[in-house]
Amino acid sequence: MSELLLNLNSVQKAAVLHREGPLVIFAGAGSGKTRIITTRIAYLINHGVLPWEILAVTFTNKAAEEMRSRAEALVPEAKRSLITTFHSACARWLREFASELGFDNHFSIYDDQDSSRALKQVLKELHPKGDLPTLVAEMRGFLSYIKTAGIFPHEAEQFALDYPQMVPTGGVTVYRLYQEYLAQCNAMDFGDLLLNLLLLLRQNQRVREILSQRYQYIMVDEFQDTNRTQFEIIHHLANRHRNLVVVGDDDQSIYSWRGATPSNIIDFDQTYPDAKRIALEQNYRCTGNIVGAASKLVAYNTKRAPKTLFTEAAAGDAIEVHLEVDGEMEAYWIAERIQSERRTFGFDDIAIFYRTNSQSRSLEEALRRFKIPYTIYGSLEFYERLEIKDMVAYLRLIANESDEISFLRVINVPTRGLGDKAIEQVQQFARQQGIGLMEAVRRLVQAGTPKIGPKLKYFHDLLAALKDDIRSSPLQEAVKILLEALEYPDYLKKKFPDQYTDKIDNIQELAAGMSEYAKRNPEAHLEDWLQAVSLVREDTETASIGGVSLMTLHMAKGLEFRRVYIAGLEDGLLPHKNSMDDPSSLEEERRLLYVGITRAKEKLSLTCARRRRTYNTEMVNPPSRFLREVPQEFIEFTLKAKELFEPQAPSSLHARYVYEDDEEATLEAGAKVYHPTYGPGIIEGFDDHFGQRKAIVRFRDFGYRKIRPSQLHAGSSSGRSP
DNA sequence: GCTATCTAATTTTTT
DNA sequence: ATTAGATAGC
């Protein structure tokens, strides 16, 4: 008996030992699913499977990294298996076969910001007078949806006929033009990495043969979050050997708004009728109370595969529920609590989760006041910072001169007299001649175009020199060469005098990361590094600081902490107000809380605030409806919460809170009101204005106003004429 | 063409 | 409050 299998329960063992054919594993939270995948990889390798015949895909770099290192710890050969994210696997295959699609294998990868800019270029030409920001926003949503659904431009027409409500006016044309523009730029957005690979697999028999032959054993983690495109890719890859194991938990599906279809896992056996099915329902992570609360909560969902998570662990501490007067006090309470428990839970053991990023500010302030170290995950992305984007854009343009989005970004950075007018002239010339922007620059320089000719020549020569210089130097020098050639520090100092040091530090960090990368991958070229930074976003600086972890509930998936706080359990925040009216969105909000709760190994606190300032207005939200769905037996109310919650009568929670006094009884948030001067509006919240209570009303025609409730009539029109 | 000022928009966002 | 992006004025 292999020692790998020690300490596995019989169900886990069955999952690991599964050899041929499709298998779907429903793995509840904390049931050891990463362990199963890694152990299975090790087991396969120990039993004659070649490491490079194994493919394991996940969604996040973090998860992939974890999986890779754990598998390697079991068998060192696992480092030759392909254990990575969907996007980076696809990017790798696309580089291999780019030419089959008419792409150069130095193609750029566009992040959301780049792709918005590309879309803007397309729309600007199509609707010169249109409201660009609105159009871009509308089309972005449509494009990301249609790409995750695996629908190609040539199929979009039919799709628009079948589902007209899903397609904005002109959407089909924009989709086609956008894809053409990206092809012209030799660039792919995140969606294209998947979609273009799917296109290859569908149309190109040679590629399909090679890739489906290559991987004997395929495993996919977090399968509930796959979209249709990903499902179809996996289907093609696994078609030959049919050794496909998918692992997931429909209760943890929290990305349906991004095209994930949990039916991929729930109905897996419709595509694979011979699929075996294993359910892992024993939780090894959390205490009894935490598991109990989470299961009871998620059981309120109507759409889910039936299952019950259980544990043999002791009940442990009760789940703490606390209510505070406002968001600041809530944060203060959490910080104080962390401080008082510091002998039991080290700062690294603790996480605070919240629904929206904007909630992090008050938490940060409170933690700072208590001198508690913390790390915020995923707020200001390192690679989205202006100075980093500038550097990366230059390097991209050097690797791929067709990359027009990078071209447009850097042509006047640092400022060199090539503003909107000049760019317009270059673009128009390019359009006229049917050539790329860089070629247009070359010809305009050659033609000795008046005014902009010399400036363009400077830019062109600079770029050419940079290209030579960087290509002939070791990779780790690239950023340094750029900085000097551009005199970029001077530019930063002039343009951002007070943020200068920060920005230079960031660039230093980029350069350090680059050196590190070059050291680890001695063979790597600029293109490899560019791909890595496009797909991996980690801020090495913040990652090493440690302390209490702050993140959104979405980011928390897949992680675990001994001690967890979830802040802002209020109707309007969790569930979020945009998701409260639609039943299936509401269920997703519930799953979000479920995910948060099940991250806690030992102790959990749920907090909410009566009032909360968001942006500039004060909102009054009732406690989350989800709090009522957690049975009282698992909960301990803090003193403060007790008087307000009345735990013995949970159904009165709302009533007591919202209708606390007569004024709010008739004018609660969300109520339609009518004002004699401003006309119809909706109450968004309340504000205490020097002791006087005012309603924050969003008027149909006059925007937001703070109004004394006595001036408002209930309903959408007044009985009297205004 | 560049800079300063104004305005609108802020759910979540693995890649 | 904050930020990015568009517009108006130098």
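Each remark here, short or long, concerns the structure printed above.
Everything quoted here is computed from the prediction, not taken from an experiment.

K.L.:
Got a minute to help me understand unusual backbone geometry in this structure?
P.N.:
Trans is the common state for peptide bonds, and a negative phi is the common state for residues other than glycine. Backbone torsion omega between Val 413 and Pro 414 reads -10°, so that peptide bond is classified as cis. In this structure, the amide linkage connecting Leu 574 to the following residue, Pro 575, adopts the cis form with an omega of 5°. Along the chain, Pro 575 falls in the loop between strand E13 (561–566) and helix H28 (583–597). For Arg 242, which is not glycine, the phi dihedral falls at a positive 60°. Following the sequence through the fold, Arg 242 ends up in the loop between helix H11 (228–238) and strand E7 (244–248).

K.L.:
What exactly am I supposed to notice about helix H17 (residues 386–399) here?
P.N.:
Given 3.6 residues per helical turn, the α-helix brings residues three or four places apart onto the same face. Between its first and last C-alpha atoms H17 spans 20 Å; for 14 residues at 1.5 Å apiece the expected length is 20 Å, and the two agree. Most of H17 sits inside the fold, with 13 of its 14 residues counted as buried.

K.L.:
How should the protein's contact with DNA strand B be read in this particular structure?
P.N.:
Close to DNA strand B lie 27 residues; Phe 59, Asn 61, Arg 258, Arg 355 and Thr 552 are nearest. Taken together, the sugar and phosphate atoms account for 53% of what DNA strand B places within 4 Å of the protein. Within the side chain of Thr 552, one N or O atom sits 2.6 Å away from a phosphate oxygen of DNA strand B. Looking at the surface near DNA strand B element by element, the count peaks at three residues for helix H19 (residues 420–433). For the surface near DNA strand B, the class distribution of residues is eight nonpolar, 13 polar and six charged.

K.L.:
Explain the packing of aromatic side chains to me, please; I cannot follow it from the model alone.
P.N.:
Both the distance between ring centres and the angle between the ring planes are used here to describe each pair of aromatic rings. If you walk through the whole model with that rule in mind, you get 13 aromatic pairs. Ring centres 6.5 Å apart and planes at 80° place the aromatic pair Phe 103 and Phe 107 in the edge-to-face group. Classification of Phe 103 as buried rests on a relative accessible area of 12%. Ring geometry for Tyr 145 against Phe 159: centres 6.3 Å apart, planes inclined by 35°, an arrangement best described as tilted. Of this pair, Tyr 145 sits in helix H6 (residues 132–148) while Phe 159 sits in helix H7 (residues 153–162); the two residues are 14 residues apart in sequence, bridging distant segments of the chain. Accessibility expressed as a relative area gives 34% for Tyr 145, which makes it partly exposed. Note on Phe 159: relative accessible area 9%, which makes it buried.

K.L.:
Help me understand the pattern of salt bridges, please; the structure alone is not making it clear to me.
P.N.:
Side chains that differ in sign of charge can pair as their charged atoms come close. Taken as a whole, this structure holds 51 salt bridges when the rule is applied. Between Asp 192 and Lys 147 there is a salt bridge whose closest N-O contact spans 2.7 Å. A residue pair is termed long-range when its members are at least 10 positions apart, and Asp 192 in helix H9 (residues 190–203) and Lys 147 in helix H6 qualify at 45 residues. Residues Asp 192 and Lys 147 agree in their burial class; the two are buried. Its salt-bridge partner being Arg 337, residue Glu 341 comes within 3.5 Å of it at the nearest N-O pair. A residue is classified by how much of its surface remains accessible, and Glu 341, at 8% relative accessible area, is buried. Salt bridges here are not isolated pairs; linked through shared partners, they connect Lys 33, Asp 221, Glu 222, Asp 225 and Lys 557.

K.L.:
What am I meant to see in the nonpolar core here?
P.N.:
Taken as a class, soluble globular proteins show a tendency for nonpolar side chains to be buried jointly. Of all hydrophobic cores here, the largest spans 131 residues; its most connected members are Trp 93, Leu 193, Leu 526 and Trp 529. Residue contacts for Trp 93: discarding those within four places in its chain leaves Leu 55, Leu 82, Leu 197, Leu 211, Arg 214, Tyr 215 and Leu 237.

K.L.:
Explain the sheet that holds E7 here, please?
P.N.:
Paired through their backbone hydrogen bonds, the strands of a sheet run either parallel or antiparallel. Read from one edge of the open sheet, six strands run E3-E2-E6-E7-E1-E8, paired in parallel fashion. Pairing within the sheet leaves two strands with one partner each, and these edge strands are strand E3 (82–85) and strand E8 (276–280). Averaged over all pairs of adjacent strands, the angle between strand axes in this sheet comes to 15°, irrespective of strand direction. Where strand E1 (residues 23–27) lies against E8, five bridges are found, and the strand directions are parallel. Bridged to Ile 25 within E8 is Ile 278. Across the sheet, helix H4 (residues 86–97) touches strand E2 (54–58), E3 and strand E6 (217–220), and the angle it forms with E3 is around 115°. In this fold H11 packs onto E2, E6 and E7, with an angle of close to 165° to the strand it touches most, E6.

K.L.:
Would you explain the packing of helix H5 (residues 112–126) against helix H8 (residues 171–184) in this entry?
P.N.:
Geometry of a packed helix pair, given as the angle between the helix axes and the separation of the axes. Contact geometry of H5 with H8 gives a least axis separation of 10 Å together with a crossing angle of 120°. In terms of their interaxial angle, H5 and H8 are classed as oblique. Between H5 and H8 the crossing geometry is right-handed. In this structure, H5 contributes Ser 115, Ala 118, Leu 119, Gln 121, Val 122, Leu 123 and Leu 126 to the contact, and H8 contributes Val 174, Leu 177, Tyr 178, Tyr 181 and Leu 182. Here the contact of H5 with H8 is composed, by residue class, of 10 nonpolar, two polar and no charged.

K.L.:
Hey, could you run me through the environment of Val 298 in this one?
P.N.:
Looking at the secondary structure, you find Val 298 in helix H14 (residues 288–298). In sequence terms Val 298 and Glu 629 are 331 residues apart; their C-alpha atoms lie 8.8 Å from each other. Not counting the four nearest positions on each side in its chain, Val 298 is found in contact with Asp 251, Arg 304, Arg 590 and Tyr 594.

Scoring rules and cut-offs
Residues numbered from 1 in each chain as written. Chains lettered and ligands numbered in written order. Predicted model: local features only at pLDDT ≥ 70, side-chain atom pairs only at ≥ 80, totals over all residues. Heavy atoms only, no water. Helix = DSSP H or I, 4+ residues; strand = E, 2+ residues; numbered from the N terminus. Expected span 1.5 Å × (residues − 1). Buried < 20%, exposed > 50% of the residue type's maximum accessible area, 1.4 Å probe, protein only. Near = heavy atom within 4 Å. Polar contact = N/O pair within 3.5 Å; in protein donor to acceptor, adjacent residues only side chain to side chain. Nonpolar A, V, L, I, M, F, W, Y, C, P; charged D, E, K, R; others polar. Phe/Tyr/Trp six-rings, centres within 6.5 Å; stacked < 30°, edge-to-face > 60°. Salt bridge = Lys/Arg side-chain N within 4 Å of Asp/Glu carboxyl O. Core = buried A, V, L, I, M, F, W, Y, C linked by side-chain atoms within 4.5 Å. Contact = heavy atoms within 4.5 Å. Pairing = 2+ DSSP bridges. Axes fitted to C-alpha atoms, helices over the stretch in contact; angles between N-to-C directions. Parallel < 35°, antiparallel > 145°, perpendicular 65-115°, else oblique. Left-handed = near helix turned anticlockwise from the far one by under 90°.

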